[in-house]
Amino acid sequence: MNYLPVTDESLLQAADIIKNGGIAVFPTETVYGLGADAFNPQAIARVFEVKGRPRFDPLIIHIAAAETLEIVADLSVLDKEVRNKLFLLAENVWPGPLSIVLPKNEKIPGIATAGLSTAAIRFPDHEAAQKLISLSTGAIAAPSANPFGSLSPTRAEHVRDSLGGKVDIILDGGSTRIGLESTVLDIADGSFKILRPGGTPKEFIESLIGKLTENREQRTKNSEQFPTQSEQTCFSTPDSQLPTPHLISPGQLKSHYAPKTPLFVLTKEEIINKSYENSCVFLFFDGLTRNIWRKAQNQSDLLSENSRIVVLSEAGQVLEAAFGLFDVLHELDNGGFSRIYAQFAPSEGLGEAINDRLLRASHPHS
Ligand code: TXA
Ligand code: MG
């Protein structure tokens, strides 16, 4: 495996690997992606295998030019109003952290979309990602570059430490700018609903195309069944025998983006009233809440060294908190703590995506 900084040469090398059916890990503005040629079913099958991802969980197709949209999606079946809204979104948000679910073009193999007739398309706002896509085949199918169900990678080291031995090349582009995955918006059936909150806030989407349909499945923590072992390992199933997809967006799986350390999510009031415990992490959203909590604690307890107090954003800014979330969770997860108590973010802007990830990362008894 090659582990190289992003340069013109390493981008060419990675593009060659992709053109020849290999797998390249690359940075985007959200998280690192595990990329293969979107038109090559064998290469895509390997992505599922490397990630340990169930075949019913579709991949995002990444493009780097507006014209490629027609090659990966079938826009002819969309009615005029939906097309207009699509173009409004594409013009105002792309390149950026928004994946739009559209009817798929037949050129995209069924394995990429888990047998669905739709594909999530995204134009990432990252120079290296765009160059890699353009230098290879114009479309890269890529999930986040983490083992299925675990925390998403915001640094190349995270990928090296988890999947390093299984991929052909890792391009190191430093920390990702946003630190949370893209928002997944379904417009394929004209209903306009968010399947996964992410880097593009709902409020911004609504300011462009009007009110979205409420997605009732989202946030119903514990309502989805985690895939069984046999579902998770059906990698050799040919496309024609794919199981009927029963999840709308498996980002909705209840236990996803999960650290190994049990994590509990608490409201501001709950965390303020939570007494200090040994070997635990108190992960505050803002400095003010941490200060109030501190005052309420027995100060001599706080001197113990085997617990940590972490603040996502001193000033309580959701952008900063989102940027640091996965990074902090990766670090804390290696700290040998017995529990993480995390505070909910305010549910506006990226706060919604932060809370979604915290809930999915949380312990079933949270
Ligand atoms: O920011 C991101 O979105 C990152 C970077 C690498 O682009 N990618 C990412 O991919 O997070 P992944 O595979 O970890 O998550 C993709 C999400 C999954 O929840 C998947 O179920 C959903 O998008 N998805 C993909 N295609 C879909 C489709 N056709 N219909 C509904 N949901 C889809
Ligand atoms: Mg993922």
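Residues numbered from 1 in each chain as written. Chains lettered and ligands numbered in written order. Predicted model: local features only at pLDDT ≥ 70, side-chain atom pairs only at ≥ 80, totals over all residues. Heavy atoms only, no water.

**Q** Summarise the overall build of the protein chain; cite the residues concerned and give the values.
**A** Broken down by element type, the protein chain carries 12 helices and 14 strands. Taking all contacts inside the protein chain whose residues are at least 6 apart in sequence as the whole, residues at least 24 apart take part in 73%. Looking at the protein chain as shown, the accessible area adds up to about 15200 Å², and 49% of this sits on carbon and sulfur atoms. (Helix = DSSP H or I, 4+ residues; strand = E, 2+ residues; numbered from the N terminus. Contact = heavy atoms within 4.5 Å. Areas by Shrake-Rupley, 256 points an atom, 1.4 Å probe, with all protein chains shown as cover.)

**Q** Describe the sheet that holds strand E11 (residues 263-266), naming the residues involved and giving the relevant values.
**A** Read from one edge of the open sheet, 4 strands run E11-E14-E12-E13, paired in parallel fashion. If you trace the sheet from one side to the other, it starts and ends with E11 and strand E13 (308-313), each paired once. On average, each strand axis in the sheet is inclined to that of its neighbour by 20°, with strand direction left out of account. Each of strand E12 (280-286), E13 and strand E14 (339-343) touches helix H10 (residues 287-296); the most contacted strand, E12, lies at about 130° to it. Each of E11 and E14 touches helix H12 (residues 351-361); the most contacted strand, E11, lies at about 135° to it. (Pairing = 2+ DSSP bridges. Axes fitted to C-alpha atoms, helices over the stretch in contact; angles between N-to-C directions.)

**Q** Can you break down the pattern of salt bridges residue by residue, with the values?
**A** Inspection of the entire model under this criterion finds 19 salt bridges. Here Arg357 ties to Glu181 by a salt bridge, and the two come within 2.9 Å at their closest N and O atoms. Of this pair, Arg357 sits in helix H12 while Glu181 is found in the loop between strand E8 (169-172) and strand E9 (183-186), placing the two residues 176 residues apart along the sequence. A single burial state applies to Arg357 and to Glu181, both of which are buried. (Salt bridge = Lys/Arg side-chain N within 4 Å of Asp/Glu carboxyl O. Buried < 20%, exposed > 50% of the residue type's maximum accessible area, 1.4 Å probe, protein only.)

**Q** Go over the pairing of E14, please, and point to the residues and values.
**A** Where burial is concerned, most of E14 is hidden: 4 out of the 5 residues are buried. Two strands pair when backbone bridges link them, and E11 and E14 are joined in this way by 4 bridges, in the parallel orientation. In the strand pairing of E14, Val265 is matched with Ala342. Looking at chain direction, E12 and E14 are connected through 4 bridges and run parallel.

**Q** Help me get a handle on the side chain of His330, residues and values and all.
**A** Relative to the helices and strands, His330 resides in helix H11 (residues 318-333). Residue His330 is classed as buried on the basis of its relative accessible area, which comes to 16%. When sequence neighbours within four positions are dropped, the list of residues in contact with His330 reads Leu151, Ser152, Pro153 and His158.

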